Amino acid sequence: MRLFNAWEMGQDQTKQQIEKGLHLYQSNQTEKALRVWMRVLEKSADPAGRFRVLGCLITAHAEMGRYKDMLKFAVVQIDTARELEDPDYLTESYLNLARSNEKLCEFQKAISYCKTCLNMQGTAVSLQLNGQVSLSMGNAFLGLSIFQKALECFEKALRYAHNNDDKMLECRVCCSLGSFYAQIKDYEKALFFPCKAAELVNDYGKGWSLKYRAMSQYHMAVAYRKLGRLADAMDCCEESMKIALQHGDRPLQALCLLCFADIHRSRRDVQTAFPRYDSSMSIMTEIGNRLGLVQVLLGVTKCWMIQKELDKALESIEKAQELAEGLGNKLGLLKLHCLCERIYRTKGQQRELRDHVVKFHECVEEMELYCGMCGESIGEKNNQLQALPCSHFFHLKCLQSDGTRGCPNCRRLSVKPGYV
């Protein structure tokens, strides 16, 4: 009986300390919160409490950009879940492992762990996580430029969010959809979805973390810049950066610095853009965001091209190409081949020019970045697109003029447009 009471006491103390850490974390006393949680991890004999505190540590390290530590805690959490012998705990731990690999740009591993989650036979609690699993898988497919599968995952995540009235998940999916459409250059949708996320924050986010507002403002800034609305882009990016600085959100700080640099480059102010690219690159390197580094190097390349420093532009391209190939990011490679094409045309180097033209078209074919109705490429310029329920997407004008009830790519019947 005395042992039972001691066990209960351990559980109560564990719970109290976890809550103490959460209060500190929400008050922006992050390092103090981490110390409290690490003490719990070292001293608690309660497996369920250890599992919960590991979840807190994983979330905190993700938001700080300490992705390698995030991965380390995710691996420990899986061992704890196996000790508990509960499929719900195991599903959650594999989701955290998938997210850790997604953040570290290990996209194939992230997809594999997401599939493990979806194959587990858990209870209703596990099923509720499927929306988050689909979102993480969609982000990983997007990192690999596998657009149809990414869109399919985002649609599933959105469906889970709607069915479970999960506004936080819906907000996160809308931000990912904003990124998706920014990449394939439907800038109206790239703005629509983060604006929808911002609406969700305003309507339902009173008790939410400010990171949701910061995230939606950042994605709005990206879309505004693409649309040429640079003053609006700057306003949104400044608001996002302010929150990121307040909360020590290093990943978001890096993204905002990249966006600021892109805005200045769009104004042809390369002298102001360069130091912001440098600052972004420094944080991206520190946290291990290799996909972000590709984006930074693309921006730096374009600045060198504005200054007609073509050899320096080619040096940046070489670094970016090595990273993009290592990640399997096909869209990054396509953009690099496009820039090389412009540079070698200017230099009059016909053999190199032809080589990059061929590689550019190979990337287009591999990513299926063309409209199955008119045959023209998608993602070359701003165009309104529409996805069908099968997640194949086409020029909106082609779908409207054709009047077909089936998808030209897979022949699946199409009665109505998909969610997105």
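Overview of the structure. Note that the coordinates shown come from a computational prediction; the quantities given were computed from them, not determined experimentally.

Procedures and definitions
- Residues numbered from 1 in each chain as written.
- Predicted model: local features only at pLDDT ≥ 70, side-chain atom pairs only at ≥ 80, totals over all residues.
- Heavy atoms only, no water.
- Phe/Tyr/Trp six-rings, centres within 6.5 Å; stacked < 30°, edge-to-face > 60°.
- Helix = DSSP H or I, 4+ residues; strand = E, 2+ residues; numbered from the N terminus.
- Buried < 20%, exposed > 50% of the residue type's maximum accessible area, 1.4 Å probe, protein only.
- Expected span 1.5 Å × (residues − 1).
- Polar contact = N/O pair within 3.5 Å; in protein donor to acceptor, adjacent residues only side chain to side chain.
- Salt bridge = Lys/Arg side-chain N within 4 Å of Asp/Glu carboxyl O.
- Axes fitted to C-alpha atoms, helices over the stretch in contact; angles between N-to-C directions.
- Parallel < 35°, antiparallel > 145°, perpendicular 65-115°, else oblique.
- Left-handed = near helix turned anticlockwise from the far one by under 90°.
- Contact = heavy atoms within 4.5 Å.
- Nonpolar A, V, L, I, M, F, W, Y, C, P; charged D, E, K, R; others polar.

A closer look at the packing of aromatic side chains
Under the defined criterion, the tally for this structure stands at 10 aromatic pairs. Summarising the aromatic geometry, the rings of Phe51 and Tyr89 are spaced 4.6 Å apart at their centres and angled 65° between planes, so their arrangement reads as edge-to-face. Of the two residues, Phe51 sits in helix H3 (residues 47-64) while Tyr89 sits in helix H5 (residues 87-103), which places them 38 residues apart along the sequence. Overall, Tyr89 belongs to the partly exposed group, its relative accessible area being 26%. Considering the side-chain rings of Phe147 and Phe180, the 5.9 Å spacing of their centres and the 75° angle between planes classify their relative orientation as edge-to-face. With a gap of 33 residues between them, Phe147 in helix H8 (residues 147-163) and Phe180 in helix H9 (residues 167-183) connect regions that are remote in the sequence. Classification of Phe180 as buried rests on a relative accessible area of 0%. One aromatic cluster is present, built from ring pairs that chain together Phe147, Phe154, Phe180, Tyr181, Phe192 and Phe193.

Comments concerning helix H15 (residues 290-306)
Given a rise of 1.5 Å per residue, 17 residues ought to cover 24 Å, and the 25 Å separating the end C-alpha atoms of H15 matches this to within 8%. Of all 17 residues in H15, 12 are buried, a share of seventy percent or more. Along H15, the residues classified as buried are Gly292, Leu293, Val294, Val296, Leu297, Leu298, Gly299, Val300, Thr301, Cys303, Trp304 and Met305. Where H15 starts, the residue carrying a side-chain oxygen 3.4 Å from the main-chain nitrogen of Leu291 turns out to be Asn289. With its phi angle positive at about 60°, Lys308 sits one or two positions after the end of H15.

Some remarks on the pattern of salt bridges
Scanning the model with the defined rule gives 18 salt bridges in all. Two residues, Lys211 and Glu63, come together in a salt bridge whose shortest N-O distance is 2.9 Å. One end of the pair, Lys211, is in helix H11 (residues 211-226); the other, Glu63, is in helix H3, and 148 residues separate them in sequence. In this structure, the salt-bridge partner of Asp311 is Lys347, at a minimum N-O distance of 3.0 Å.

Considerations on the packing of helix H10 (residues 187-204) against H11
Here H10 crosses H11 at 155°, and the two axes come no closer than 8 Å. The angle between the axes of H10 and H11 places the two elements in the roughly antiparallel class. The interaxial crossing formed by H10 with H11 has left-handed handedness. When H10 is examined against H11, the residues Tyr187, Ala190, Leu191, Pro194, Cys195, Ala197, Ala198, Val201 and Asn202 are found in contact with a partner set consisting of Tyr212, Arg213, Ser216, Gln217, His219, Met220, Ala223, Tyr224 and Lys226. Among the residues forming the contact of H10 with H11, the class breakdown is 12 nonpolar, four polar and two charged.

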